[in-house]
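In case you want the letters, here they are:
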Amino acid sequence: MKITVIGTGYVGLVSGTCLAEMGNEVLCLDLDAAKIDTLNQGGIPIHEPGLLEMVRRNVAAGRLSFTTSIEDSVAFGQLQFIAVGTPPDEDGSADLKYVLAAARNIGRHMTDYKVVIDKSTVPVGTADKVRAVILEELAARGVELPYSVVSNPEFLKEGAAVEDFLRPDRVVIGAEDERAIRLMRELYAPFIRNHDRVIVMDVRSAELTKYAANAMLATRISFMNELANLADKLGADIEQIRVGIGSDPRIGFHFLYPGCGYGGSCFPKDVQALIRTAEENSSPVRVLNAVEQANDEQKHLLLHKIRARYGDDLRGMHFALWGLAFKPNTDDMRAASSRVVIEGLWQMGATVTAYDPVAMTESRRIFGDDPRLRYATAPIAALAEADALVIVTEWKEFRVPNFEQIKAALRQPVIFDGRNLYTPSQVREHGLEYFAIGRR
Ligand SMILES: NC(=O)C1=CN([C@@H]2O[C@H](COP(=O)(O)OP(=O)(O)OC[C@H]3O[C@@H](n4cnc5c(N)ncnc54)[C@H](O)[C@@H]3O)[C@@H](O)[C@H]2O)C=CC1
Ligand SMILES: O=C(O)[C@H]1O[C@H](OP(=O)(O)OP(=O)(O)OC[C@H]2O[C@@H](n3ccc(=O)[nH]c3=O)[C@H](O)[C@@H]2O)[C@H](O)[C@@H](O)[C@@H]1O
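For every chain, the first residue of the written sequence is number 1, and numbering continues from 1 along that sequence. Lettering of chains starts at A and numbering of ligands starts at 1, both following the order in which they are written. Owing to the predicted nature of the model, reporting of local features is limited to residues with pLDDT of at least 70; listing and counting of side-chain atom pairs is limited to 80 or more, with chain, interface and lining totals taken over all residues. Water and hydrogen atoms were dropped before computing side-chain values, which therefore reflect all heavy atoms in the structure.

Caption draft 1: View of the overall build of the chain. For helices the rule is a DSSP run of H or I covering at least 4 residues; for strands it is a run of E covering at least 2, with both sets numbered from the N terminus onward. Of regular secondary structure, the chain possesses 17 helices and 14 strands. Based on C-alpha atoms, the radius of gyration is set beside the globule rule, defined as 2.2 Å times the residue count to the power 0.38. Taking 22 Å as the expected radius of gyration for a compact globule of 440 residues, we find that the chain reaches 24 Å, a close match to that expectation. Only heavy atoms matter for contacts: two residues are in contact if any of them lie within 4.5 Å across the pair. Within the chain, contacts between residues separated by at least 24 positions form 73% of all contacts whose residues are at least 6 apart in sequence. The Shrake-Rupley method, run with a 1.4 Å probe sphere, supplies the accessible areas, and residue values consider only the shown protein chains as cover. Of the roughly 19,300 Å² that the chain leaves accessible, carbon and sulfur atoms contribute 52%. Taking the average location of the 50 positive side-chain charges in the chain and that of its 59 negative ones, the two points are 3 Å from each other. Charged-residue counts in this description rest on Lys and Arg as positive and Asp and Glu as negative, His and the chain ends being excluded. To locate a charge, take NZ of a lysine, CZ of an arginine, CG of an aspartate or CD of a glutamate.

Take a look at the structure:
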């Protein structure tokens, strides 16, 4: 099939590349010329395991290409995926300007039947708006052309995006016309060969399914975070509680890890957007206000623990920070807890040396060359002259450290662990003070 993907971010680039991998011809459009240059020169603008090799392979095979030309991109694919950003507006609702601009471009240039697919996470009713702007553009041109608008939300996780796209748990398709449903089923058939996991539903339900999934996952995390904080006060151990409740199959083990707050480009913004949608429709989802508030506070938890240990005035103190990305296997620092921790430490007068296997370039882009933040080339190197180690991202390489080496390298033998990586007794055996989240 011939497919255009609009937007070459995490979702657009991964979707386009995986669709090409299955033998489709894919043209990816982005208006950011620097991204397209990088792609055309054989690089990729993001860190995502397995993606670079797959992009190169498909480009070499002639199935995947990149452009900044709107005309070419509209002409190319019968299927037009919209995978642009939907950042929060000032009031927390999803800003649809990029989605509607992409739809308008399709209406302006199309000359034959198109299936326009909303892959971006968009509020209920967006497909109607997409349909309307295309119609407006066609009317302005004085032409009548057939097209379908489909909602096909994406559930991939950063850091595992290629794997998630190639082997989806489910493919949700919100569509009401048979022609579009048939094409979408055909498109996804190679990804779900062992059993059919396509769920066809009406468009509005598909749009809401995406927010419901992210909000449910965020709720589990905030619940566990609050429970961990309570366990801390009660002298109970959240790790044992996690195992104790997760083994109930109605609860399950996934997404039950407490920590220093969820980040990333999606949970925070999607929870906010769903709260706004609910308010606008006078049907509040009260639990989500609590989920959001609990998460905002959780991102400050390590700072509270540091304050409780050393007081408010950290002038002259220096901290080592392991992890900058909002989760492992990505360089994405959008809404990352590390940003709250770094800024909080600065406010109290401390300085920081950070180490992250892939996100240090992104961090330099965000913080510039502020002298209060330095970078180390290895985890152990970050500890030199530090009064404590603070861990915010659970990269695998932090999991089995040499505690004796850590103790020797630090100025004071103290660890604040925002991801509960270690068994407390094991760390303490080495003479290190250990502060984790809800652990005894
Ligand atoms: N990042 C993730 O893991 C996931 C994101 N989503 C959703 O997918 C959507 C995209 O997210 P990301 O890929 O993270 O965004 P991103 O910000 O990484 O990429 C969006 C890209 O779209 C481009 N763009 C904007 N307007 C354009 C236009 N009119 N024509 C062509 N290109 C245009 C931008 O230059 C940018 O490169 C969002 O709605 C997000 O909520 C859904 C599932 C997972
Ligand atoms: O809509 C999206 O963009 C995506 O959002 C999340 O994916 P992502 O944000 O990439 O990463 P997650 O693995 O979900 O982690 C999000 C945050 O939650 C935190 N988390 C996750 C799991 C857990 O048990 N505890 C916890 O604190 C992580 O550290 C991270 O900061 C969803 O998992 C995807 O299904 C969805 O497609």
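Structure's up, so let's keep going.
Caption draft 2: Structural view of the state of the cysteines. Here, a disulfide means two cysteine sulfur atoms that sit within 2.5 Å of each other. Here the structure, examined in full by the defined rule, presents zero disulfides. Between C18, a cysteine without a disulfide, and C28, which holds the nearest cysteine sulfur, the sulfur-to-sulfur distance is 11 Å. A residue is classified by how much of its surface remains accessible, and C18, at 0% relative accessible area, is buried. Here C260 is not cross-linked by a disulfide; its sulfur's nearest cysteine counterpart is in C266, at 18 Å. Residue C260 is classed as buried on the basis of its relative accessible area of 0%. Throughout, exposure labels follow a simple rule: accessible area from a 1.4 Å probe, protein chains only, divided by the maximum for the residue type, with under 20% read as buried, over 50% as exposed, and the rest as partly exposed.

Caption draft 3: Main features of the site of ligand 2. Only a single heavy atom is needed: when it lies within 4 Å of a molecule or strand, its residue is near that molecule or strand. The local shell around ligand 2 holds 19 residues, among which F155, L156, K210, N214 and C266 are the closest. N or O atoms within 3.5 Å of each other form a polar contact, as long as, within protein, one can give a hydrogen and the other can take it, and as long as residues adjacent in sequence are counted only when both atoms are side-chain atoms. Here L156 contributes a backbone N or O atom positioned 2.6 Å from an oxygen atom of ligand 2. G263 is positioned such that a nitrogen or oxygen atom in its backbone is 3.0 Å from an oxygen atom of ligand 2. Burial of ligand 2 by the protein chains amounts to 91% of its free accessible area of 700 Å². Every element with two or more residues in the shell around ligand 2 is listed here: α9 (203-234) and α11 (267-280). For the shell around ligand 2, the element with the highest residue contribution is α9, accounting for three residues.

Caption draft 4: The arrangement of the domain arrangement of the chain in detail. In terms of domain boundaries, the chain breaks down into domain 1 (2-201), domain 2 (211-297) and domain 3 (299-435). Opposite the 15 residues of domain 2 that make contact, domain 3 presents 13 residues. Carbon and sulfur atoms supply 47% of the area buried between domain 2 and domain 3, which totals about 1,100 Å² over both sides. By convention in these notes, a salt bridge is any Lys or Arg side-chain nitrogen within 4 Å of a carboxyl oxygen on Asp or Glu. Counting every contact that joins domain 2 to domain 3 gives one salt bridge. Where each domain begins and ends follows an automated or database-derived domain assignment. Here the quantity called buried area is the accessible surface, traced with a 1.4 Å probe, that two parts lose on coming together, added over both.

Caption draft 5: The packing of α9 against helix α12 (residues 286-298), seen in detail. With their axes 9 Å apart at the nearest point, α9 and α12 run at an angle of 55° to one another. With respect to their mutual orientation, α9 and α12 come out oblique. Relative to α12, α9 is oriented so that their crossing is left-handed. Packed against α9, whose contacting residues are A215, A218, T219, S222, N225, E226 and N229, the element α12 presents L288, V291, A294, N295 and Q298 at the interface. To obtain each axis, a line is fitted to C-alpha atoms, and for helices this fit is confined to the stretch in contact; angles are then taken between N-to-C directions over 0 to 180 degrees. Angle categories: roughly parallel below 35 degrees, roughly antiparallel above 145, roughly perpendicular from 65 to 115, and oblique for all the rest. By convention, the crossing between two helices is left-handed when the near helix turns anticlockwise from the far helix through less than a right angle, and right-handed when the turn is clockwise.

Caption draft 6: Geometry of the environment of I241. One can find I241 in helix α10 (residues 238-246). Between the alpha carbons of I241 and A228 there is a distance of 9.0 Å; along the sequence they are 13 residues apart.

Caption draft 7: Quick peek at the pairing of strand β6 (residues 147-151). Among the five residues in β6, five count as buried, and that is most of the element. Side chains Y147, V149 and S151 project from β6 onto one buried face, and the interleaved S148 and V150 project onto a second face that is buried too. As judged from the five bridges shared by strand β5 (residues 114-118) and β6, these two strands associate in the parallel manner. By the bridge assignment, V115 is partnered in β6 with S148. Orienting the strands away from the viewer, one traces the path from the first strand over the helix to the second; a clockwise path indicates a right-handed crossover. Handedness of the crossover joining β5 and β6 through helix α6 (residues 126-141): right-handed. Being paired, for any two strands, means DSSP has found at least two bridges between them.

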